[in-house]
Amino acid sequence: MRTARLLAALWVAGIAGLAGLPGRAASAAVDKKNLTAEQRQWLEEEDLLIRKEDRKQFFALAGSYQRDQFIRDWWKSRDPDPETPANEFKLAWEARKVEVRSRYGNLTEDRARTFLLHGEPASIRKPDCDWRIWPIEVWTYQGSGDLPHDFVLIFVQATGTGSFHLWRPADGFDALEAQKEIGTPMRDENEVAFGNFLFKWCPAELRNGLWTAVQLAVQEQQTNLLDLAYKAPGPRDTEWLATFRAGLTDLAPGAATLAAHLDLGYPGSDGSQTLVQGLLAVPAAAAKLAQLEGKGTYSFILNGEVLREGALLDSFRYRFDVPAAGLGDVVPVAFERRLRPGSYELVVKLDDLNGGRSYRERRAIEVPKIEAAPPDPAVAAGLAAAGREMAAGGAAAGGGGDLRILPLAAGSATGPVRIEAAAQGEAIHKVTFFLDGKALLTKARPPWSVDVNLGDLPTPHTVRAVGLDAAGAEVAADSLEVNPATQRFAVHLREPRPGAKAAAGKPLRAEAEVRVPDGRTLDRVEVFLGDARVATLYQPPFVQPLGAGGRAGQASFVRAVAYLKDGESAEDTVLLNAPGYVEHLDVQLVEVYAAVKDGGHRPLTDLKAADFTVKDSGVPQTISRFERMTDLPISAALLIDTSSSMAKSLPQAQRAALGFVDTLAPKDRAAVIPFNERPRLSVKLTGNAEELHQALSGLAAIGGTAIFDSVVFALHYLQGIRGERAILLLTDGGDRSSKFSFEECLDYARRAGVTVYAIGLGIRKLDFAARTHLGKLASETGGRSWFVDSAAELQGVYAEIGEDLRSRYLLAYQPAPPGKPGEFHPVAVGVDRPGVEVDALAGYFP
């Protein structure tokens, strides 16, 4: 089914005139001597899919490595799910080619090309009119959601030997007739005459079907359906070719030359890689100045390629906006890459966006091995475990120090944990550790570490280490997020460090880390020095040298802004020339989602903000944001019990969950988390209905039941997501295997702010504990609970959940007075209408 769906989209590629596919003659006229065998094979075997503009761009490329990259990007543009490691389209297409070769021995005959595009027809008929017509095959394709029309295709083997070709009415009816070779040819070659010919010579059981097929073929030609269907199929990513062209390092024919000079340096190392820093110095007189946001600014696009043994190893694309204020006679454009020691070729092209001039250079480079300065012996082991080495000199070169908290092991951190920091530089005499803003311990000698108990639940925490000099003044600091919200879109500046000193002549660099939620795509990262945007980075590593000079000394902050493809942004700012530890005031906005039902348990959808009252810890609040859920995306986790006791009920449970998936809106996302003794993330959050269908269809019942552990797992997974979040929990019994208690699970659910819908299947009425637990999990988080006796009722329950999610209201407010960390705040939502029922969050922890 998956293969059929992937390739059914190729219907628009059409059938008619396959032997004369546009572009084939053009490619045959090009000298292919300089192409590799792989490149020639791609041109020949994927001919049906290669569009005219693809072919033109491919042959315009100067380098073989560029053509190889073009082919890789061409396949990638057709990948239906880029987040998976495999290209499902390519796999399905290759499988189709294997089948075609086994049937027809080649990929070029019209039947073979038709089968490649559309697969097995609904029927193949081979009428035999005793050699009055040439051997014919009539293929019928039935219309469907992907194929809007029934198509009938006629293939004829002219002269009775050799290959079959597609017959079109424009070829003439005599192209079907063998009579002229053995008798008197027909003179009146029109549709009526050919019909008479068939009725005269063909058996009744054959002629009617063949005549119908011929008439359909005539209609298809008259309505241009075949010509329209002949259009080559487009890629999933319609902008891929423009993106590829934008990243090329070739100069356009007749391009005006931009004066520039390239210097390369190797200032340090990052693990086993050497930092390669490039500085393009452009004479200010050679570049053109333009106004950007009211300031005179030079604007450039830098494209770069790194080659090793003639193959493309790395490519990069940056945009630079360099303010003219404070510059001398030279406009500096700096970039950085990380390469292992060895021989390379570096290709750079710099385009002056204002002046329309370009600079290009291709240079052989030898990247040296840079030995890192030996770290403090007490922390050498920790540095090795962290997988990073400090660059030679570092911040200590200026008599200061550097301090980094070593990352914890992958996964959630709970219970007793040792936090370790690595310090370098003679200035650091003490290190103070903080947990969530509270001082824990100050150590006067290494090892710089502290033991903390993070509790039994994977609750988010912030650990901070501050290095102090002999007088107690701060000289370095670092922070680490523990159990961060995995689905929160965030950008974090690792460099410069808070409190970095920006001074004339002192190098400054920005290094950003970006966390992208499942199912989302990063577009770019913009780096600002003060108010000026200095670079736009399109791929990792997100590192940008900010240069030395007066501008760095005058700037007060560095800012990184990350953007997703859908326009959502996140940013981080580091203050320069300021104390490293600066208190931040976060304006907390509490979001409450409420469902309101009338006496008949029907959703009320006509309420206004004035109809609601919200009390936080008994204090009335002012609603600052009010929205209906019809306009907001939903992120849902389908948490499904797959223990052994679910064996009989699982098929109906799967069908019910599939029905819910089919109601998701385009912006909604869902994840599938089956559980028995432990939860398993089967499918990450995605809007791909087919992927969700596959995961749900592949569930199997085995093992025990760990409800509370699985709820905690799902709650943690959904942390950090904007908009409505919900867990749809389905289970048929009480917890048997969890390490977390119900009280711990409930406490974590209150903190998470995720709505839980609990469905108890076949749970006895006397099983008070199981029913109470599920009911309380739902009510405390603003959801609902259902207890059904039969799996046949699940479809209706899932439909009610979908309706509930679509009829909720978002009420947001800034709590007055603000909440205190660690203190539970009960929330009461009321509606000024008699006889209504309100389901909403019972409270939260700030």
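Please refer to the structure placed before this passage.
Residues numbered from 1 in each chain as written. Predicted model: local features only at pLDDT ≥ 70, side-chain atom pairs only at ≥ 80, totals over all residues. Heavy atoms only, no water.

If you tally the helices and strands in the protein, you get 20 helices and 41 strands. Within the protein, buried positions represent 49% of all 846 residues. A separation threshold of at least 6 residues defines the contact pool for the protein, and within that pool the share at least 24 residues apart is 68%. Taken as a whole, the protein presents about 38,700 Å² of accessible surface, with 51% of it coming from carbon and sulfur. (Helix = DSSP H or I, 4+ residues; strand = E, 2+ residues; numbered from the N terminus. Buried < 20%, exposed > 50% of the residue type's maximum accessible area, 1.4 Å probe, protein only. Contact = heavy atoms within 4.5 Å. Areas by Shrake-Rupley, 256 points an atom, 1.4 Å probe, with all protein chains shown as cover.)

Take the packing of helix 6 (residues 88-104) against helix 7 (residues 110-118) next. Where helix 6 contacts helix 7, the axes come no closer than 9 Å and their chain directions differ by 150°. By the angle between their axes, helix 6 is roughly antiparallel relative to helix 7. Both helix 6 and helix 7 take part in a crossing whose hand is right-handed. Across from Trp93, Arg96, Lys97, Glu99, Val100, Arg103 and Tyr104 in helix 6, the residues of helix 7 making contact are Arg111, Ala112, Phe115, Leu116, Leu117 and His118. Classifying every residue of the contact of helix 6 with helix 7 by side-chain character gives seven nonpolar, one polar and five charged. (Axes fitted to C-alpha atoms, helices over the stretch in contact; angles between N-to-C directions. Parallel < 35°, antiparallel > 145°, perpendicular 65-115°, else oblique. Left-handed = near helix turned anticlockwise from the far one by under 90°. Nonpolar A, V, L, I, M, F, W, Y, C, P; charged D, E, K, R; others polar.)

A word on the packing of helix 18 (residues 742-752) against helix 19 (residues 768-780). Their axes nearest at 10 Å, the elements helix 18 and helix 19 cross at an angle of 15°. Comparing the axis directions of helix 18 and helix 19 gives the class roughly parallel. Crossing geometry of helix 18 relative to helix 19 is assigned as right-handed. Here helix 18 contributes Phe742, Cys745, Leu746, Ala749 and Arg750 to the contact with helix 19, which in turn contributes His773, Lys776, Leu777 and Glu780. Per-class residue counts for the contact of helix 18 with helix 19 are five nonpolar, one polar and three charged.

Turning our attention to the packing of aromatic side chains. In the structure shown here, the tally under the stated rule is 21 aromatic pairs. Ring geometry for Phe612 and Phe626: centres 5.7 Å apart, planes at 50°, overall tilted. Of this pair, Phe612 sits in strand 29 (residues 612-616) while Phe626 sits in strand 31 (residues 625-628), and the two are 14 residues apart along the sequence. The partly exposed category is assigned to Phe626, whose relative accessible area is 25%. The rings of Trp42, Phe58, Phe59, Phe70, Trp74, Trp75, Phe89, Trp93, Trp240 and Phe244 are connected pair by pair, giving a single aromatic cluster. Just above the ring of Tyr538 sits the side chain of Arg317; from NZ or CZ to the centre is 5.8 Å. (Phe/Tyr/Trp six-rings, centres within 6.5 Å; stacked < 30°, edge-to-face > 60°. Lys NZ or Arg CZ within 6 Å of the ring centre and 35° of its normal.)

Taken as a whole, helix 4 (residues 52-60) has its buried residues at Asp54, Arg55, Gln57 and Phe58. Looking straight down helix 4, one finds that the buried residues subtend no more than 165° of arc, so they occupy a single side. Relative to its buried face, helix 4 has exposed residues pointing more than 90 degrees away, namely Lys52, Lys56 and Ala60. (Arc of directions from axis to C-beta.)

In this structure, Phe300, Leu302, Phe335 and Leu350 are the most contacted members of the largest nonpolar core, which totals 47 residues. Residues within four places of Phe300 in sequence aside, it is in contact with Leu258, Val282, Ala287, Tyr318, Arg319, Phe320, Val331, Val333, Leu350, Asp351, Asp352 and Leu353. (Core = buried A, V, L, I, M, F, W, Y, C linked by side-chain atoms within 4.5 Å.)

For the rest of this paragraph, the subject is the pattern of salt bridges. Counted under the stated rule, the structure contains 46 salt bridges. Among the salt bridges present, the one from Asp451 reaches Arg418, with a minimum N-O distance of 2.8 Å. On the criterion of sequence distance, the pair formed by Asp451 in strand 18 (residues 449-453) and Arg418 in strand 15 (residues 416-424) is long-range, its members being 33 residues apart. When the shortest N-O distance is used, the salt bridge between Glu513 and Arg494 registers 3.8 Å. Taken as a pair, Glu513 in strand 22 (residues 509-515) and Arg494 in strand 21 (residues 490-495) lie far apart in primary sequence, 19 residues in all. Classification of Arg494 as buried rests on a relative accessible area of 12%. Where salt bridges share partners, they join Arg319, Asp321, Asp523, Arg524, Glu526, Arg533 and Lys565 into one cluster. (Salt bridge = Lys/Arg side-chain N within 4 Å of Asp/Glu carboxyl O.)

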